[in-house]
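# Overview (structure and organization)
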Amino acid sequence: GQQLNQSPQSMFIQEGEDVSMNCTSSSIFNTWLWYKQDPGEGPVLLIALYKAGELTSNGRLTAQFGITRKDSFLNISASIPSDVGIYFCAGQLSVGNTGKLIFGQGTTLQVKP
Amino acid sequence: DVKVTQSSRYLVKRTGEKVFLECVQDMDHENMFWYRQDPGLGLRLIYFSYDVKMKEKGDIPEGYSVSREKKERFSLILESASTNQTSMYLCASSWGSGGYSYEQYFGPGTRLTVT
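First things first, this report covers the structure right here in the doc.

Reading the values: the criteria
- Residues numbered from 1 in each chain as written.
- Chains lettered and ligands numbered in written order.
- Predicted model: local features only at pLDDT ≥ 70, side-chain atom pairs only at ≥ 80, totals over all residues.
- Heavy atoms only, no water.
- Helix = DSSP H or I, 4+ residues; strand = E, 2+ residues; numbered from the N terminus.
- Buried < 20%, exposed > 50% of the residue type's maximum accessible area, 1.4 Å probe, protein only.
- Polar contact = N/O pair within 3.5 Å; in protein donor to acceptor, adjacent residues only side chain to side chain.
- Pairing = 2+ DSSP bridges.
- Axes fitted to C-alpha atoms, helices over the stretch in contact; angles between N-to-C directions.
- Contact = heavy atoms within 4.5 Å.
- Salt bridge = Lys/Arg side-chain N within 4 Å of Asp/Glu carboxyl O.
- Nonpolar A, V, L, I, M, F, W, Y, C, P; charged D, E, K, R; others polar.
- Phe/Tyr/Trp six-rings, centres within 6.5 Å; stacked < 30°, edge-to-face > 60°.

## What about the side chain of asparagine 31 of chain B?
Residues and elements named next belong to chain B. Looking at the secondary structure, you find asparagine 31 in strand S4 (residues 31-38). Exposure remark for asparagine 31: the relative accessible area of 2% places this residue in the buried category. A distance of 3.3 Å separates a polar side-chain atom of asparagine 31 from the backbone oxygen of tryptophan 95.

## So, the sheet that holds strand S3 (residues 19-24) of chain A
Residues and elements named next belong to chain A. Strand order in this open sheet of five strands is S1-S3-S8-S7-S6, and the pairing throughout is antiparallel. In this open sheet, the two strands that pair with only one neighbour each are strand S1 (5-7) and strand S6 (55-58). Each strand of the sheet is rotated relative to its neighbour by a mean of 15°, with strand direction disregarded. Two elements, S3 and strand S8 (residues 71-76), share six bridges in a ladder whose sense is antiparallel. Across the sheet, the residue bridging to threonine 24 is aspartate 71, located in S8.

## Digging into the interface of chain B and chain A
Taken together, the 23 residues of chain B in the interface contact 21 residues of chain A. Applying the counting rule to chain B against chain A returns one salt bridge. Between arginine 9 of chain B and glutamate 41 of chain A there is a salt bridge, with the nearest N and O atoms lying 3.4 Å from each other. Joining chain B to chain A, the criterion identifies six residue pairs in polar contact (both at pLDDT 80 or more). Of all the elements in the fold, those that place two or more residues in the side of chain B that touches chain A are S4, strand S5 (42-49), strand S9 (87-94) and strand S10 (105-106) of chain B. When residues in the side of chain B that touches chain A are grouped by element, the largest group, four residues, is from S5 of chain B. Looking at the side of chain B that touches chain A residue by residue, the class counts come to 13 nonpolar, seven polar and three charged.

## Describing the packing of aromatic side chains
Applying the stated criterion across every chain yields a total of ten aromatic pairs over all chains. Here the aromatic rings of phenylalanine 29 of chain A and tryptophan 32 of chain A are separated by 4.9 Å at their centres, their planes lie at 55°, and the arrangement is tilted. Tryptophan 32 of chain A matches phenylalanine 29 of chain A in its accessibility class, with the two residues each being buried. In this structure an aromatic cluster arises from ring pairing among Tyr35 and Phe103 of chain A together with Phe33, Tyr35, Phe48 and Phe106 of chain B.

In structure tokens, the structure reads:
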């Protein structure tokens, strides 16, 4: 089935550093979503993107919907300890759309105070 | 704020038991989804529903069934629980119509252990 390639798999950074992660696919998506999941909790929606080229911010987070509609990235600026968690991208296919999402495997972020 | 609630955070059941996981959303969403999440396998879609009494199989429906009698409630049923169904179960809901879905909002999850 369709897959999303999310990278990096994990990151260990110093507090205050900026973070960048991305997702790519061979398929075209009409929606890109970014979620954060804390241990033992459900994913929380961070940013939703609906148009190719769209750049959207949510506080220190910025995400972009790639022009080719096959990729998206998420940036976190000036990281803080509470940014720790697993970040997932998810895409909704534009062909045969049934509302199903394709998820990336996640990026585990650790922040050293 | 969108709120999706799940009936239990932690559940321990015995092999062969019938298990019901309940999910309720308070935003009048048309679409509801059940996923399971396992280390190394990510999120996998079990079943989804885009209307009351409608259901569609996801990627791993075997061993599960669902029920949606009311718009706000979506139940996942394990007819005869097995140890390989030990997992984190996540419910989600979204706006949409005609099978289209906007962003999905997740519940807190139910950690099910089958012994």
